[in-house]
Amino acid sequence: MNTLFAQVTGTAAKAAPAQVRSPAIANPPLATSPVASPALARIFVRDLVVMAIIGIYDHEKRQAQRLRVNLDMMVQDRQGQRRDDIADVVSYEDGVNIVRDLAAQGHLNLVETFAETVAQRLLKDTRVHSVTVRVEKLDVFPDAASAGIEITRQR
C-alpha cells in the first residue's frame, strides 16, 4: 500500500517498520523429552546398637563399647512391578547384617572408617543409589549422649 501511495502522490515510499520478535519466538527451544529419573524409595534402620572394639586409646582397644548406627538408603523402587517376594527389594536386614558383621570383625581405630566401610558395602547392591550412615559412640563422654559421624555416599 505504501508503494501505491508513493505513485499517486509522487513521494518516496517509507519502509514498513520491521517487526521485532523476541529471541524466544525467533528461536523457539528444541522439543526435548524430559529425562526420567528413577523412582526411589527410602529404606531405613533406626538406632541399631552393636558392641564393637573401636577407638584409638588403649582401653578402647581392649574392651568393646556400644555403637548406635542409623542407616538411610535411597533404593530403586519398582513401583508396582514387585511381587510379594523379598528377592524383589533391597532388604533392611542386609544393612543390619553388614553392621553386625563389621562390628564383630575386630578392632577399628575410627568411627569414620566404620561408617565408610558400611556405606561402601551397601553401595555394592546396584539398586542402592545413595546411603547415609550415622555411627555414634554412646559411652565416650559421661556428659554427652553420643559422639560420632554421619556420612552420605552415592553412586
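Shown above is the structure to which this text applies.
None of these values were measured; they are calculated from a predicted model.

A. Here's a closer look at the overall build of the protein chain. Along the backbone of the protein chain there are five helices and four strands. Listed by position from the N terminus, the elements making up the protein chain come as α-α-β-α-β-α-α-β-β. If you sum the accessible surface of the protein chain, you get close to 10,900 Å²; carbon and sulfur atoms cover 53% of it.

B. The nonpolar core, seen in detail. Ranked by internal contacts, the top residues of the largest apolar core, which has 29 residues, are F114, V118 and V133. Going through the elements one at a time, strand 1 (40-52), strand 2 (65-76), helix 4 (92-104), helix 5 (111-122) and strand 3 (128-137) are the ones with two or more residues in this core. Here the element with the most residues in this core is helix 5; it accounts for six residues.

C. Representation of the pattern of salt bridges in the model. Within the structure shown, the criterion is met by nine salt bridges. In this structure, the salt-bridge partner of D72 is R46, at a minimum N-O distance of 3.2 Å. Taken together, the residues D72 in strand 2 and R46 in strand 1 connect sequence positions 26 residues apart. For D72, a relative accessible area of 17% gives the class buried. A relative accessible area of 42% means that R46 is categorised as partly exposed. Residues R66 and D139 are paired through a salt bridge, measuring 2.8 Å at the closest nitrogen-oxygen approach. Taken together, the residues R66 in strand 2 and D139 in the loop between strand 3 and strand 4 (147-154) connect sequence positions 73 residues apart. Here R66 falls in the partly exposed class, since its relative accessible area comes to 35%.

D. Region of interest: the sheet that holds strand 3. Sheet architecture is open: four strands sit in the order 1-2-3-4, paired in antiparallel fashion. One side of each edge strand has no neighbouring strand; the edge strands of this open sheet are strand 1 and strand 4. In this sheet, adjacent strand axes meet at a mean angle of 10° when their direction is disregarded. Relative to strand 2, strand 1 is paired through eleven bridges, and the arrangement is antiparallel. Within strand 2, the position partnered with M51 by the bridge is R66. Strands in contact with helix 4 are strand 1 and strand 2; relative to strand 1, the strand with the most contacts, it is inclined by about 25°.

E. Region of interest: helix 4. Across its 13 residues, helix 4 extends 19 Å between first and last C-alpha, which sits within 8% of the 18 Å expected from 1.5 Å per residue. All of the buried residues in helix 4 are G95, V96, I98, V99, L102 and A103. Seen along its axis, helix 4 keeps its buried residues to an arc of 160°; they face one direction. Buried positions along helix 4 lie against strand 1, strand 2 and helix 5. Among the residues of helix 4, the N-terminal cap falls to S91, whose side-chain oxygen and the backbone nitrogen of E93 are separated by 3.0 Å.

F. Structural view of unusual backbone geometry. The backbone of D47 shows a phi angle near 55°, a positive value even though the residue is not glycine. Along the chain, D47 falls in strand 1. For D47, a relative accessible area of 47% puts it in the partly exposed group.

About the criteria used
- Residues numbered from 1 in each chain as written.
- Predicted model: local features only at pLDDT ≥ 70, side-chain atom pairs only at ≥ 80, totals over all residues.
- Heavy atoms only, no water.
- Helix = DSSP H or I, 4+ residues; strand = E, 2+ residues; numbered from the N terminus.
- Areas by Shrake-Rupley, 256 points an atom, 1.4 Å probe, with all protein chains shown as cover.
- Core = buried A, V, L, I, M, F, W, Y, C linked by side-chain atoms within 4.5 Å.
- Buried < 20%, exposed > 50% of the residue type's maximum accessible area, 1.4 Å probe, protein only.
- Salt bridge = Lys/Arg side-chain N within 4 Å of Asp/Glu carboxyl O.
- Pairing = 2+ DSSP bridges.
- Axes fitted to C-alpha atoms, helices over the stretch in contact; angles between N-to-C directions.
- Contact = heavy atoms within 4.5 Å.
- Expected span 1.5 Å × (residues − 1).
- Arc of directions from axis to C-beta.
- Polar contact = N/O pair within 3.5 Å; in protein donor to acceptor, adjacent residues only side chain to side chain.

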